[in-house]
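# Structure at a glance
Read off the chains here:
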Amino acid sequence: YYINISSPGFEKNSEDLSSAPRVISDIENTINLTLPSKTSYQVVPDENYLLKLENSTNAITLSKNDTTSFSNQDLFSLITLDKELYLENFENIKTKSEIRESTINNYKSYNYSFSYSENDIEYLVQIFWIKTDKNLYTLDLKLPYSLLEKESQEFVDILYSFNEI
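Residues numbered from 1 in each chain as written. Predicted model: local features only at pLDDT ≥ 70, side-chain atom pairs only at ≥ 80, totals over all residues. Heavy atoms only, no water.

## A short note on the overall build of the chain
- Tallying secondary structure elements over the chain gives two helices and 11 strands in all.
- Order of helices (α) and strands (β) in the chain, N terminus to C terminus: β-β-β-β-β-α-β-β-β-β-β-α-β.
- By the burial criterion, 47% of the 165 residues in the chain qualify as buried.
- Once local pairs closer than 6 in sequence are excluded, the contacts in the chain between residues at least 24 apart make up 52%.
- As presented, the chain carries roughly 9300 Å² of accessible surface, and 44% of it is formed by carbon and sulfur atoms. (Helix = DSSP H or I, 4+ residues; strand = E, 2+ residues; numbered from the N terminus. Buried < 20%, exposed > 50% of the residue type's maximum accessible area, 1.4 Å probe, protein only. Contact = heavy atoms within 4.5 Å. Areas by Shrake-Rupley, 256 points an atom, 1.4 Å probe, with all protein chains shown as cover.)

Set out below in structure tokens:
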């Protein structure tokens, strides 16, 4: 299972400024993300990431990767290797997807997901690799399956707001 990323749900041109979405940038000021007005996510400082968003149960992290020596074919190989290595960090993996190619705001994107169990809670992890003209970014989402239906649209809204500055 994975989050359907086909359509963002929030309106970017809100008439009511008190409920307007909030635009945030990463620590290097390379990308913008728009948080929906009713979001439960807050920015959390973390030196391991360009940007980390958390709420009481979920986390979204953003990293930047050096791609100066990779062609598109090598990029798919890199993502495949990353997936294999990343999955080794988790015990009790229940399901895992193939790598899917998509487009996020005209940027080429690859994503995969997997689920695992930890402390009697089943989690979904979905990883997006977003290739821009300048950089390659990795956006990771982790959330409990029990909140998937309730909170997945909020993540899709944030994902589709991705914009390199």
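## Points about the sheet that holds strand E11 (residues 163–164)
- Reading across from one edge, E1-E2-E11 is the order of the three strands in this open sheet, with antiparallel pairing throughout. The strands lining the two open edges of the sheet, one partner per strand, are strand E1 (22–25) and E11.
- The sheet contact formed by strand E2 (residues 31–35) and E11 spans two bridges and is antiparallel. Opposite isoleucine 31, over in E11, you have glutamate 164 as the bridge partner. (Pairing = 2+ DSSP bridges.)

## Looking at the pairing of strand E7 (residues 100–104)
- Alignment of E7 against strand E8 (residues 107–118), held across five bridges, turns out to be antiparallel. When the sheet's bridge partners are listed, isoleucine 104 is paired in E8 with tyrosine 107.

## A few points about the nonpolar core
- Counting residues in hydrophobic clusters, the biggest one holds 27 residues, and the most contacted among them are Leu33, Leu53, Ile60, Leu62 and Phe162.
- Counting residues per element, the ones that place at least two in this core are E2, strand E4 (51–54), strand E5 (59–65), strand E9 (121–131), strand E10 (136–144) and helix H2 (148–160).
- For this core, the element with the most residues is H2, which contributes six residues.
- Contacts of leucine 53, omitting those with residues within four sequence positions, involve Ile24, Leu33, Leu35, Tyr41, Gln42, Val43, Asn58, Ala59, Ile60 and Ile158. (Core = buried A, V, L, I, M, F, W, Y, C linked by side-chain atoms within 4.5 Å.)

## Considerations on the layout of surface pockets
- In this structure, the largest pocket occupies an estimated 340 Å³ of space.
- Forming the walls of the largest pocket are 18 residues, and the residues nearest its centre are Tyr49, Thr61, Ser63, Tyr86 and Asp140.
- Sorting the residues of the lining of the largest pocket by element identifies E4, E5, helix H1 (72–87), E9 and E10 as the ones contributing at least two each.
- For the lining of the largest pocket, a count of residues per class yields nine nonpolar, four polar and five charged. (1 Å grid on protein atoms, 1.4 Å probe; cavity = no way out; pocket = protein on both sides within 12 Å on 5 of 7 lines; lining within 4 Å. Points joined across faces, edges and corners; volume = space filled by probe spheres on them. Nonpolar A, V, L, I, M, F, W, Y, C, P; charged D, E, K, R; others polar.)

## With respect to the pattern of salt bridges
- Enumeration according to the criterion identifies four salt bridges in this entry.
- As a salt-bridge pair, lysine 64 and glutamate 28 come within 2.7 Å of each other at their nearest N and O atoms. With lysine 64 in strand E5 and glutamate 28 in the loop between E1 and E2, this residue pair connects regions lying 36 residues apart in the sequence.
- Assessed through its relative accessible area of 44%, glutamate 28 is described here as partly exposed.
- A salt bridge links glutamate 101 to lysine 108; the shortest N-O distance between them is 3.6 Å.
- The network of salt bridges with common partners includes Asp46, Lys52 and Glu54. (Salt bridge = Lys/Arg side-chain N within 4 Å of Asp/Glu carboxyl O.)

## Considerations on the confidence of the model for the chain
- Per-residue confidence for the chain gives a mean pLDDT of 84; residues scoring 70 or more make up 84%.
- Confidence drops under a pLDDT of 50 for residues 7–17, and excluding neighbours within four residues, the segment shows 20 contacts in the predicted structure. (pLDDT = per-residue confidence, 0-100.)

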